[in-house]
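# A structural walkthrough
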Amino acid sequence: MVENMTALGHIAACQKEVSDSVIHILNEGRMCLTIGGDHSCGIGTIDGHVKVKGNIALLWVDAHADLNTNATSSTGNIHGMPVALLAKELSDYWPYLPGMDWQQPRLSIRNIAYIGLRDIDSYERLVIDKFSITAFGMEDVERYGIIEVTNMALRRIDPNNNLPLHVSFDIDSLDALEAPSTGTPVRGGLTLREGIQIMEESYRTQRLSAVDLVEVNPRLGSPSDVRITLEAAKHIIRAASGYSRRGHSPENVCDLPQQTFPSVSTSAHNSK
Ligand SMILES: NC(=[NH2+])NCCC[C@H](N)C(=O)O
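Quick caveat: nothing in here was measured; it's all calculated off a predicted structure. (Residues numbered from 1 in each chain as written. Predicted model: local features only at pLDDT ≥ 70, side-chain atom pairs only at ≥ 80, totals over all residues. Heavy atoms only, no water.)

### Brief notes about the overall build of the chain
Let me state the cut-off plainly: Only DSSP runs of H or I reaching four residues or more are called helices, and only runs of E reaching two or more are called strands; each is numbered from the N terminus. Accessibility here uses a 1.4 Å probe with only protein chains present; expressed as a share of the type maximum, an area under 20% marks a residue as buried, one over 50% as exposed, and anything in between as partly exposed. Note on contacts: a residue pair is in contact if any heavy atoms of the two residues lie within 4.5 Å. Accessible areas in this description were obtained via Shrake-Rupley with a 1.4 Å probe; residue shielding takes into account the shown protein chains only.
Secondary structure assignment for the chain yields eight helices and six strands. Each helix (α) and strand (β) of the chain, taken in turn from the N terminus, gives the series α-β-α-β-α-β-α-β-α-α-β-α-β-α. Each of the three principal axes of the chain carries a C-alpha extent, and together these read 95 × 40 × 35 Å. Counting every position in the chain, which comprises 272 residues, the buried fraction comes to 50%. Nonlocal contacts in the chain, meaning residues at least 24 apart in sequence, comprise 72% of its contacts between residues at least 6 apart. Accessible area of the chain: about 14,100 Å², with a carbon and sulfur share of 51%.

### Observations concerning the pattern of salt bridges
To be explicit about the condition: A side-chain nitrogen of Lys or Arg and a carboxyl oxygen of Asp or Glu constitute a salt bridge if their distance falls within 4 Å.
Enumeration over the complete set of coordinates arrives at 11 salt bridges. The partner of E28 in a salt bridge is R30, with the nearest N and O atoms 2.8 Å apart. Residue class for R30 comes out partly exposed when judged on its relative accessible area of 45%. For D175, the salt bridge goes to R187, with nearest N and O atoms at 3.4 Å. In this pair, D175 is assigned in the loop between β5 (165-170) and α7 (192-204) and R187 in the loop between β5 and α7, connecting sequence segments 12 residues apart.

### Topic: the site of the ligand
The criterion, for reference: Residues are classed as near a molecule or strand on a simple rule: at least one heavy atom within 4 Å of it. As a working rule, the residues Ala, Val, Leu, Ile, Met, Phe, Trp, Tyr, Cys and Pro are called nonpolar, Asp, Glu, Lys and Arg charged, and the rest polar, with Gly in that last group.
Taken together, H39, H64, D66, N68, T75, H79, G80, D121, D170, D172, T184 and E215 make up the full set of residues adjacent to the ligand. Surface burial for the ligand is 94%, taken as the share of its 340 Å² of free accessible area covered by protein chains. By residue class, the composition of the shell around the ligand is no nonpolar, seven polar and five charged.

### Quick notes on the environment of Y203
Tracing the backbone through its elements, the reader meets Y203 in helix α7. For the pair Y203 and A239, spaced 36 residues apart in sequence, the C-alpha to C-alpha distance is 7.6 Å. Once residues within four sequence positions are removed from consideration, Y203 is found in contact with L208, A239, A240, S241 and G242.

### Description of unusual backbone geometry
Cis geometry is found at the peptide bond from G36 to G37, where omega equals 10°. On the secondary structure map, G37 appears in the loop between β1 (32-35) and α2 (41-53). Of note, Q206 is a non-glycine position whose phi angle comes to about 65°, a positive value. Tracing the backbone shows Q206 in the loop between α7 and β6 (208-214). On the accessibility criterion, Q206 (76% relative accessible area) is exposed. Phi at E215 takes a positive value of approximately 70°, unusual for a residue other than glycine.

### Some thoughts on the sheet that holds strand β4 (residues 134-137)
For the record, the criterion: For two strands to count as paired, DSSP must find a minimum of two bridges between them. Fitted lines through C-alpha atoms serve as axes, helices being fitted only where they are in contact, and the angles separating the N-to-C directions of these axes extend from 0 to 180 degrees.
The six strands are arranged β1-β6-β5-β2-β3-β4 in an open sheet whose pairing can be described as parallel. Both outer strands of the open sheet, β1 and β4, are each paired with one neighbouring strand and no more. Taken over all neighbouring pairs, the strand axes of this sheet differ in orientation by 10° on average, direction set aside. Bridge count between strand β3 (residues 112-117) and β4: four bridges; the pairing is parallel. If you follow A113 over to β4, its bridge partner there is T134.

### Quick look at helix α4 (residues 122-130)
Which entries qualify depends on this criterion: Note: the arc covers the axis-to-C-beta directions of the helix.
Of the positions making up α4, those classed as buried are E124, V127 and I128. The buried residues of α4 occupy one face: seen down the axis, they fall within an arc of 100°. Facing away from the buried side of α4 by more than 90 degrees, the exposed set consists of S122 and K130. For α4, the secondary structure elements touched by its buried residues are β3 and β4. Just downstream of α4, S132 is the residue with a positive phi angle, here 50°.

### Brief notes about the side chain of S108
Mapped onto the elements of the fold, S108 is located in the loop between α3 (82-86) and β3. Overall, S108 belongs to the buried group, its relative accessible area being 5%. When near neighbours in sequence (up to four residues on either side) are disregarded, S108 contacts K88 and E89.

### Brief notes about the nonpolar core
The cut-off we apply is this: Residues grouped as a nonpolar core are buried Ala, Val, Leu, Ile, Met, Phe, Trp, Tyr and Cys residues, joined through side-chain atoms within 4.5 Å.
Of all hydrophobic cores here, the largest spans 36 residues; its most connected members are L59, L174, L190 and M199. Listing elements by their share of this core, those giving two or more residues are β2 (57-61), β3, α5 (138-144), α6 (146-157), β5, α7, β6 and α8 (223-240). When sequence neighbours within four positions are dropped, the list of residues in contact with L174 reads R118, F169, A179, V186, G189, L190, T191, L192, G195 and A232. With 33 residues, the next largest nonpolar core counts L58, V83, L86 and L97 among its residues.

Functional significance is not addressed by these values, which are geometric in nature.
Spelled out as structure tokens, the structure:
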């Protein structure tokens, strides 16, 4: 048994299936949307994405860095560890993990960027600094604005603009007032509009090939909390699918339906 990793056996088996499903969908040339579940889902989705596309760029949109190992985590929750499991540079910091042989850390830290951070554990801070991980916290969003932050992040993780893009979106990146039904809410977060803008910018790259929307938990909070959180999640997913807030004209149509005025002989007015 591995110390300080709750439900490792269950998560390992489940994430193997998630990875296989992502591989199947991407191999059919489709974009892959995964709805969590907690953020341990990212272990499977990103593993599958990397297995199909090789090198990818990853935007991790989250209040938390999810960068603990079992040796640094204060909770033992695996949803606080996925990025550390995925990063090549951190592979030596893990013990052997039974059931996880299918997953090799294949992603370079150079291709990972965070947006929305505001609740970072001390060892996570150490890792971010030690490996110079691209990390935009809420203070950067305030300083530069979300569109600039998103584009700076994209340029850092994909300087040549040619990598397939994965956005792993934790609903707790949004302010707790915008998305209350989640396990580890943190105030002072992104507005829903900023979350939508991250997705719109990501979609605009034309290389967005996989999206995770995780940590929505309808068992938490009041019915109104649940409704607000689900609505927020739907807006994020719509933006990731190319929905534009400017609206969309109907396809292959360039005019409104023409309507003809009834001719005089058939009109009710003249028929008596
Ligand atoms: N996916 C999440 N909600 N992660 C929260 C992680 C919280 C804390 N840093 C931990 O490691 O347990």
